[in-house]
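What follows is each chain in one-letter form.
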Amino acid sequence: MSVRRIPLARRNLFQDRRRAMLAIFGVGAAFVLVLILDGIFAGAMNQVTAYIRHSPADVFVAQRNVKTMHMTASALPPSTIEDVRTVDGVAWAEGLRFTTSTVNAGKASLLTYVLGYDTSTARGGPRRIAEGQAPGPGQTLVDTTAADELGVTVGDAVTILGRRFTISGLSAGGTNIVNTTVFITADDFAGIRGPTYAYILVGARAATPSNVLAEHLAGALPQTTVMGREEFADQEANVVRSMAADVMAIMTAIGFLIALALIGLTLFTSTISKQREYGILKALGANTRHLAAIVVTQAAWTIALAVVVAVALSVAIGAAIGTLTPNFEVDIQFSSVLRTGTSALVIGSLAALLPLRRVTRVDPATAFRRP
Amino acid sequence: MHGTVPLARRNQLAEPRRLAASAIAVGLAIMLILLLDGLGAGITRSVTAYEDNVGADLYVAQAGTRNFFGAVSLIPRDTLETVRAQPDVDWAARIRTFLAIIELHDRKIPTAIVGWVPGRRGGPWVIMEGRAPRSDNEVAIGRAVADRHGFNVGDSIAIMGRRFRIVGTSADTFMLSFVFMTHRATDSLLGAPDTTSFILIGTARPGAVRAELAASGLAVLDRDELARRDLAVMTRAYKVPMGVMRAVAFVIGILVVALSVYTAMMDRRREYGILKAMGATRRNLLSMALRQTVIVAGAGLVAGGVLFMAGRALIMNLRPQFTVVLTVDATARAVAAALLMAAIAALLPAHQLARLEPASAFRGG
């Protein structure tokens, strides 16, 4: 019958556009909670692993059982570098000195990775120097974002590891959600903290795949941990993943619960408002399945539009966060949208249950009552 | 007439299921605001757990050190003797601290390792089960991590390539579990036997001791400044996401209240038309819209309080590393948020009512 051809669900939903907008934006805002949190999480993973992912090293050697940089102390005897160089397949090996400390300028202070690297090769240095030059003795590279936050620039002084350094240049891409990165020369670092290395960066010969080199190194240096670049980056990402997992689970659950209550409310109120119309349809011969289809289609419309609204809002909020707080990166990933959309469908199905029950019990005689 | 008939309340209570669904949705938004506030307050309390409980008045560290967590201070071990030589120092003890990631059941667990000299100050201030470590192969770990990963006293655990025997469970801090071990054990883990991180000082004259020690080129920090800076560092990562979540929850609350009251009013458009035909002014109708949004927001506030208590109990039971604290400030903020939600949400229904023609009273459905 004609019930099938008239888009009743869509008309029901949009007959009062203001109500439809309130519902769609409300449900969309609940999904924003999930998407933004996912985006901050993905952005943090990008930031935390950036140094490793952009390193020219194919393989990293660390203290035994040390697999990360963040919140990690690693110490290798200086002689390790010579041991590494003798291993088959090694093109170059370079020591990297590393610790976590604070960089201070006046009263301002930021938590920072301090990296001591060989400035002659720059292999352990920053991805890019945005301004100025690599550090010499008594000098440091400070990340652009951190320099803004500390109110310093090239030529100014900062305190790192208790010593004053003059800023020789500004590096890019080294500030993340938790800390920033400063670079000093390997010799300055050794002068303050001693000659040990935290990591050895290793380049593979052209004919040696990095996994093969990693195997060679692991066999030759059993008292160390040897990881390929990807594995090291994954291990680093796992730190963020492990730390954020519980917070993410709690917030995601709350976001979806709010969405569930909101979709339920929307469908329920719309079903009550249209009870008489449903009665007319039933009086005209529409069966329960047709009426149920209307409710389900309304749920589908609400969710589809809410997801679109949520993605648009999340991208806009993410851009605003990135602009206002440059140490934050919000990366709204397609996989996150897909995951949220799929979960939203489940939520919508659950939310439709109560209105469905109401519709199935509509009495055709309702059509003939005064509203 | 409209002054004596509680139309706003009757309108909302006419469809209790709608009011209940609205209250739950608003309540969830308020619960989220309360939980975020509660987590924030919990963070504030737990981040400074060490400074709050260890009883030191001053901390001597490497020059330039400003934090207890995160910044790795390294000073010569014999600094302790220099400090003890000061006449106003009642007691002094050395501790080494550093952050470390340990791997348990394929998860990376952030820990704050504290090495101290057994029998001296600086070690665990509370032992929940077992005892404090005495020898270099023993540790006391945070109870939350022990519970989560099924560790019992007597089990062994790998930390930075070495195995330790768990002899006790102790405290945790925000997102971190304390691992207490002997100072000698940390010397060996870091390969730095003649160094330490901090000298803790107990003194009745902190100002005088600070002045005396500062002259020697060491950083001397008092408990409050260390706690304040630790809080700033540890909460830096959470401030923005929590702020955004709070703002979104607030917007959700407004939208739900507006949706609920708008729907209720539009469904009774004819009745409101009658009121207008009988002489109700715009102000009467606006006040009626506001009273309805206050009813929904108030119901949401109550639901939010109940949901918060349930959510807090659930979170702290399932994830004991999170402390969720309900403060008077947070409660006042939630009430203010609910009232503001009601005020803003009233705008749309009030606008619609103001535009309503009295003639609508005489139209059919």
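Criteria and cut-off values
Residues numbered from 1 in each chain as written. Chains lettered and ligands numbered in written order. Predicted model: local features only at pLDDT ≥ 70, side-chain atom pairs only at ≥ 80, totals over all residues. Helix = DSSP H or I, 4+ residues; strand = E, 2+ residues; numbered from the N terminus. Rg over C-alpha atoms; globule rule 2.2 N^0.38 Å. Buried ≥ 20, exposed ≤ 12 C-beta atoms within 10 Å, placed from the backbone. Contact = placed C-beta atoms within 7 Å. Axes fitted to C-alpha atoms, helices over the stretch in contact; angles between N-to-C directions. Parallel < 35°, antiparallel > 145°, perpendicular 65-115°, else oblique. Left-handed = near helix turned anticlockwise from the far one by under 90°. Nonpolar A, V, L, I, M, F, W, Y, C, P; charged D, E, K, R; others polar. Arc of directions from axis to C-beta. Pairing = 2+ DSSP bridges. pLDDT = per-residue confidence, 0-100. Expected span 1.5 Å × (residues − 1). Bend = angle between axes of the 7 residues up to and from the residue.

The next thing to look at is the overall build of chain A. Assigned secondary structure in chain A consists of eleven helices and ten strands. Computed over the C-alpha atoms, the radius of gyration of chain A is 29 Å, more than 25% above the 21 Å expected from 2.2 N^0.38 for a compact globule of 371 residues. Expressed as a percentage of the 371 residues in chain A, the buried residues total 54%. Long-range contacts, defined as pairs at least 24 residues apart, comprise 81% of the intrachain contacts of chain A with a sequence gap of at least 6.

This part covers the overall build of chain B. The helix and strand tally for chain B stands at twelve helices and 13 strands. In terms of overall dimensions, chain B is more spread out than a globule: its C-alpha atoms have a radius of gyration of 29 Å, far above the 21 Å expected for 365 residues. The principal-axis extent of the C-alpha atoms belonging to chain B is close to 95 × 45 × 25 Å. Buried positions account for 53% of the 365 residues belonging to chain B.

Now for the environment of B:Ala354. Residue and element names in this part refer to chain B. Here Ala 354 is to be found in helix α12 (residues 347-354). Distance in space between the C-alpha atoms of Ala 354 and Arg 283 is 8.7 Å, their sequence separation being 71 residues. Dropping the residues within four chain positions of it, Ala 354 is found in contact with Arg 282 and Leu 285.

A few words on the interface of chain A and chain B. Taken residue by residue, the interface counts 61 residues in chain A and 58 residues in chain B. A total of 18 residues in the side of chain A that touches chain B trace back to one element, the largest contributor, which is helix α7 (residues 229-273) of chain A.

To continue, consider the packing of helix α8 (residues 223-267) of chain B against helix α10 (residues 282-318) of chain B. In a packed pair of helices, the relevant descriptors are the angle between the two axes and the axis-to-axis distance. Residues and elements named next belong to chain B. Relative to each other, α8 and α10 sit at 130°, their axes nearing to 9 Å. Regarding the angle of α8 to α10, the classification is oblique. The chirality of how α8 crosses α10 is right-handed. Contacts from Gly 253, Val 257, Ser 260, Val 261, Ala 264 and Met 265 in α8 reach Ala 289, Gln 292, Thr 293, Val 296, Ala 297 and Gly 300 in α10. In terms of residue class, the contact of α8 with α10 is made up of seven nonpolar, five polar and no charged.

All names here are of chain B. Along helix α6 (residues 183-190), the positions that sit buried rather than exposed are His 183, Ala 185, Thr 186, Leu 189 and Leu 190. The buried residues of α6 occupy an angular sector of 155° when projected down its axis, which confines them to one face. Close packing links the buried residues of α6 with β3 (89-104), β4 (107-116), β8 (162-170), β10 (176-182) and β11 (195-196). One or two steps after α6, the chain reaches Gly 191, where phi turns positive at roughly 60°.

This part covers the environment of B:Gln292. Residue and element names in this part refer to chain B. Assignment of secondary structure puts Gln 292 in helix α10. By C-beta crowding, Gln 292 is classed as buried, having 27 other C-beta atoms within 10 Å. Distance in space between the C-alpha atoms of Gln 292 and Ser 197 is 61 Å, their sequence separation being 95 residues. Among all residues touching Gln 292, those that are not within four sequence positions of it are Ala 8, Asn 11, Gln 12, Val 261 and Ala 264.

Further remarks concern the pairing of strand β5 (residues 139-143) of chain A. All names here are of chain A. For β5, the buried fraction is high: five of the five residues fall into the buried class. Side chains of β5 alternate between two faces, with Gln 139, Leu 141 and Asp 143 and Thr 140 and Val 142 buried alike. Here β5 pairs with strand β7 (residues 163-172) via five bridges, running parallel. What sits directly across from Asp 143, in β7, is Ser 171. In this sheet, strand β8 (residues 180-185) lies alongside β5 in antiparallel orientation, the contact comprising two bridges. Paired with Leu 141 across the bridge in β8 is Phe 183.

Moving on: the pairing of strand β2 (residues 90-105) of chain A. Residue and element names in this part refer to chain A. Of all 16 residues making up β2, 13 are buried, and the element is well covered by its neighbours. Sheet topology places β2 next to strand β3 (residues 108-117); nine bridges connect them, and they run antiparallel. Residue pairing for β3: Thr 99 is matched across the bridge by Val 114. Hairpin connection between β2 and β3: a loop of two residues separates the two successive antiparallel strands, and Gly 106 in this loop has a positive phi of roughly 60°. As paired strands, β2 and strand β6 (residues 157-160) are joined by two bridges and run antiparallel to one another.

A word on the confidence of the model for chain A. Chain-level pLDDT for chain A is 87 on average; 96% of the residues reach the 70-or-more range. Highest mean pLDDT in chain A belongs to β5(A) (97); lowest belongs to helix α1 (residues 8-14) of chain A (74).

Where α7(A) meets helix α2 (residues 16-47) of chain B, the axes come as close as 9 Å, and the angle between the chain directions of the two elements is 160°. In terms of orientation, α7(A) and α2(B) fall into the roughly antiparallel class. Two packed elements cross with a definite hand, and for α7(A) against α2(B) that hand is left-handed. Listed contacts from α2(B) to A:Ile254, A:Leu257, A:Ile258, A:Ala261, A:Leu262, A:Gly264, A:Leu265, A:Phe268, A:Thr269 and A:Ile272 of α7(A) are B:Arg17, B:Arg18, B:Ala21, B:Ser22, B:Ile24, B:Ala25, B:Leu28, B:Ala29 and B:Leu32. Each residue belonging to the contact of α7(A) with α2(B) can be placed in one class, and the counts come to 14 nonpolar, three polar and two charged.

Here α8(B) contains 45 residues, and its C-alpha end-to-end distance of 61 Å stays within 8% of the 66 Å for a straight helix at 1.5 Å per residue. The sharpest bend along α8(B) comes to roughly 55°, located at B:Thr235.

All names here are of chain A. Residues other than glycine seldom take positive phi values, yet Asn 65 does so here, at roughly 70°. Inspection of the secondary structure puts Asn 65 in the loop between β1 (59-63) and α3 (80-85). The backbone of Leu 161 sits at a positive phi, close to 50°, despite the residue not being glycine. Residue position: Leu 161 is located in the loop between β6 and β7.

All names here are of chain A. Note that Gly 125 resides in the loop between β3 and β4 (128-132). With 21 C-beta atoms packed within 10 Å, Gly 125 lands in the buried category. Measuring from C-alpha to C-alpha, the distance between Gly 125 and Ser 109 comes to 22 Å, with 16 residues separating the pair along the chain.

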